Amino acid sequence: MAKKWMTFVAALFAALVAQAQSQTTTKTNDFVSFDNIEVSDDFEVTYQVSDAYKVVWTYDTVLSDLISVYVTGQTLYVDFNRKGMSSELKKTYTGRKAPKPVLKATVYAPFFSGLTLNDNAVFNGNGGHIDPARFTLVMTGKAKLSDLIVDADVCSVTAGKDANATLTVNAEEISIKTEKSALVNMVLQSDRLNIDASGSSAISLTGDTGDIVSTSQNSAKVSMNGSAETIRHDGKGTSELDLISAPLQTADLVMANASKIYVNVYDTLKVDLKGNSSVIFDGKPQIEVVNIISSTLMHYTGSKRR
């Protein structure tokens, strides 16, 4: 009898969840201000430039107890507590044919200085242009960022795991750090560019910068179209940099462990090559050799070696 009762209760709960799942709730919160935004797990957020600080969010009503939208310490949190789901809710929202929960929010603010995207969070900048003095972006999990324009003195981007970011940045100094399988696509204008790429991550850059300081390792790949003045690069692993379409005045390259770089240099090229590393260069630079040990220094022929 107890077993039948438990089965009945489970079936009833499943029916109630299915019914509630088709119902959504929309709420609006006005805030005095916030300077940072942190979004977690499955929320799809759209940014809207506004003089007011406000959030409008819509969600499956059955998930009400798992949704939190609040400001503390000048940080706006938009959070879905997936770990807090009951076993029945998990059954409803998991599986190949399971519906995706409705978790959408529009964030209104004149600008913000920091953005953290966790888990499966999605953030659409909606072409919004923000101009903080310093901007920091941190992404983890399978988070996605698109269509955001940043005008700042200093900009820092950190992307890990399977994160994917597409943005435009105009700043005196830009720092990009990627690891695991992260992807960063950036249109940029800067005086200084710092790159730290590892894992199987990829960075694709378009625009103009002054001095580049970069490190790459594992199988990371970096490419750039545009222009730069100088580069100091330390390459390891099977990482690869492709700057053949970004002419440089000078390049100072330390390469090892089968790493590879394509550069277009018209003044001075300094190389320290070990361990089957490769430098393929275009232009007619003055070449300064520190070391070439079991490695390759060759002129670019118009095709890239694989």
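The rules behind the values
Residue positions are counted from 1 within each chain, in the order its sequence is given. Given that the model is predicted, a residue must reach a pLDDT of at least 70 before its local features are reported, and side-chain atom pairs must reach 80 or more before they are shown or counted; all residues, however, enter totals for whole chains, interfaces and linings. To get the side-chain values, all heavy atoms of the structure are used, and hydrogens and water are removed first. Starting at the N terminus, helices and strands are each numbered in turn, a helix being any DSSP run of H or I of at least four residues and a strand any DSSP run of E of at least two. Only C-alpha atoms enter the radius of gyration; for comparison, a globular chain is expected to reach 2.2 Å times N to the power 0.38, where N is the number of residues. Exposure is judged per residue with a 1.4 Å probe applied to protein chains only, and the accessible area is read against the type maximum: over 50% gives exposed, under 20% gives buried, and values in between give partly exposed. We call two residues in contact when some of their heavy atoms are within 4.5 Å. Take the buried Ala, Val, Leu, Ile, Met, Phe, Trp, Tyr and Cys residues and link them wherever side-chain atoms come within 4.5 Å; each set so joined is a nonpolar core. Geometry of aromatic contacts follows a simple scheme: Phe, Tyr and Trp rings, the Trp one being its six-membered ring, pair when their centres are within 6.5 Å, and the pair is stacked under 30 degrees between planes, edge-to-face over 60, tilted otherwise. Only when the NZ of Lys or the CZ of Arg is both within 6 Å of the ring centre and within 35 degrees of the ring normal is a charge said to sit over the ring. Here, a salt bridge means any side-chain nitrogen of Lys or Arg that lies within 4 Å of a carboxyl oxygen of Asp or Glu. Residues form patches when they are more than 30% accessible in relative terms and have no salt bridge. Like charges link within 9 Å. Nonpolar side chains (Val, Leu, Ile, Met, Phe, Trp, Tyr) link within 5 Å. Method for areas: the Shrake-Rupley scheme with a 1.4 Å probe, in which residue coverage is limited to the protein chains shown. Whenever a nitrogen or oxygen atom comes within 3.5 Å of another N or O atom, the pair is scored as a polar contact, on the condition that within protein one atom can donate a hydrogen and the other can accept it, and that pairs from neighbouring residues in sequence are kept only if both atoms are in side chains.

Enquirer: With reference to specific residues and values, describe the overall build of the chain.
Expert: Regarding its fold elements, the chain presents two helices and 22 strands. Its C-alpha radius of gyration of 24 Å places the chain more than 25% over the 19 Å reference for a compact globule of 306 residues. Each principal axis of the C-alpha distribution contributes one length, and for the chain these read about 85 × 50 × 30 Å. Burial analysis of the chain (306 residues in total) assigns 41% to the buried set. Sequence separation of 24 or more characterises 31% of the internal contacts of the chain that already satisfy a separation of 6 or more.

Enquirer: Give a detailed account of the nonpolar core, specifying residues and quantitative values.
Expert: Residues Phe43, Phe135, Leu145 and Leu253 are the most contacted members of the largest nonpolar core, which totals 79 residues. Excluding residues within four positions of it along the chain, leucine 253 makes contact with Ile231, His233, Ile261, Val263, Leu269, Lys270, Val271, Asp272 and Val279.

Enquirer: Pulling in residues and values, what's your account of the packing of aromatic side chains?
Expert: Within the structure shown, the criterion is met by seven aromatic pairs. Cluster of aromatic residues (ring-pair linked, three or more members): Tyr47, Phe112, Phe123 and Phe135. Residue placement shows lysine 54 over the ring face of tyrosine 108; its charged tip is 4.7 Å from the ring centre.

Enquirer: Help me get a handle on unusual backbone geometry, residues and values and all.
Expert: As a rule of thumb, non-glycine residues mostly have phi less than zero, and peptide bonds are mostly trans rather than cis. For glutamine 74, which is not glycine, the phi dihedral falls at a positive 65°. Relative to the helices and strands, glutamine 74 is located in the loop between β5 (67–72) and β6 (75–80). Judged by its relative accessible area of 37%, glutamine 74 is partly exposed. For asparagine 257, which is not a glycine, the phi torsion comes out positive at approximately 55°. Within the secondary structure layout, asparagine 257 lies in the loop between β18 (240–255) and β19 (260–273).

Enquirer: A description of the pattern of salt bridges should follow, citing residues and the corresponding values.
Expert: Under the definition given, this model contains eight salt bridges. Between arginine 82 and aspartate 41 there is a salt bridge; the shortest N-O distance is 3.4 Å. Note that arginine 82 is positioned in the loop between β6 and α2 (87–93) and aspartate 41 in the loop between β2 (36–39) and β3 (44–49), a separation of 41 residues in sequence. Residue arginine 82 is classed as partly exposed on the basis of its relative accessible area, which comes to 26%. For glutamate 88, the salt bridge is made with lysine 91, and the minimal N-O distance between the two is 3.7 Å. In this pair, glutamate 88 and lysine 91 are both assigned in helix α2, three residues apart and thus about one turn of the helix distant. Among the charged side chains, a salt-bridge network with shared partners connects Asp41, Asp42 and Arg82.

Enquirer: Give a description of a nonpolar patch on the surface that names residues and reports values.
Expert: Among the surface-exposed residues, Ile287, Val289 and Ile292 lie close enough to one another that they form a single nonpolar patch of about 230 Å² accessible area. Mapped onto the elements, isoleucine 287 comes out in strand β21 (residues 286–292).

Enquirer: Could you give an account of the environment of threonine 166, with specific residues and numbers?
Expert: For threonine 166, the position within the fold is in strand β12 (residues 164–178). On a C-alpha basis, the gap between threonine 166 and leucine 148 in space is 7.5 Å, while along the polypeptide they are 18 residues apart. Among residues more than four places away in sequence, those in contact with threonine 166 are Leu145, Ser146, Asp147, Leu148 and Asn185.

Enquirer: Pulling in residues and values, what's your account of the side chain of serine 113?
Expert: By the secondary structure assignment, serine 113 is in the loop between β7 (103–109) and β8 (114–117). Given the relative accessible area of 15%, serine 113 is considered buried. With near-sequence residues (within four places) excluded, serine 113 lies in contact with Asp35, Asn36, Pro132, Arg134, Phe135 and Thr136.

Enquirer: Tell me about the environment of serine 277, and name the residues and values.
Expert: Its location among the elements puts serine 277 in the loop between β19 and β20 (278–282). A relative accessible area of 0% places serine 277 in the buried class. Among residues more than four places away in sequence, those in contact with serine 277 are Met255, Ala256, Ala258, Ser259, Ser294, Ser295 and Thr296. For serine 277, the side chain forms a polar contact with the main-chain oxygen of methionine 255, separated by 3.4 Å.

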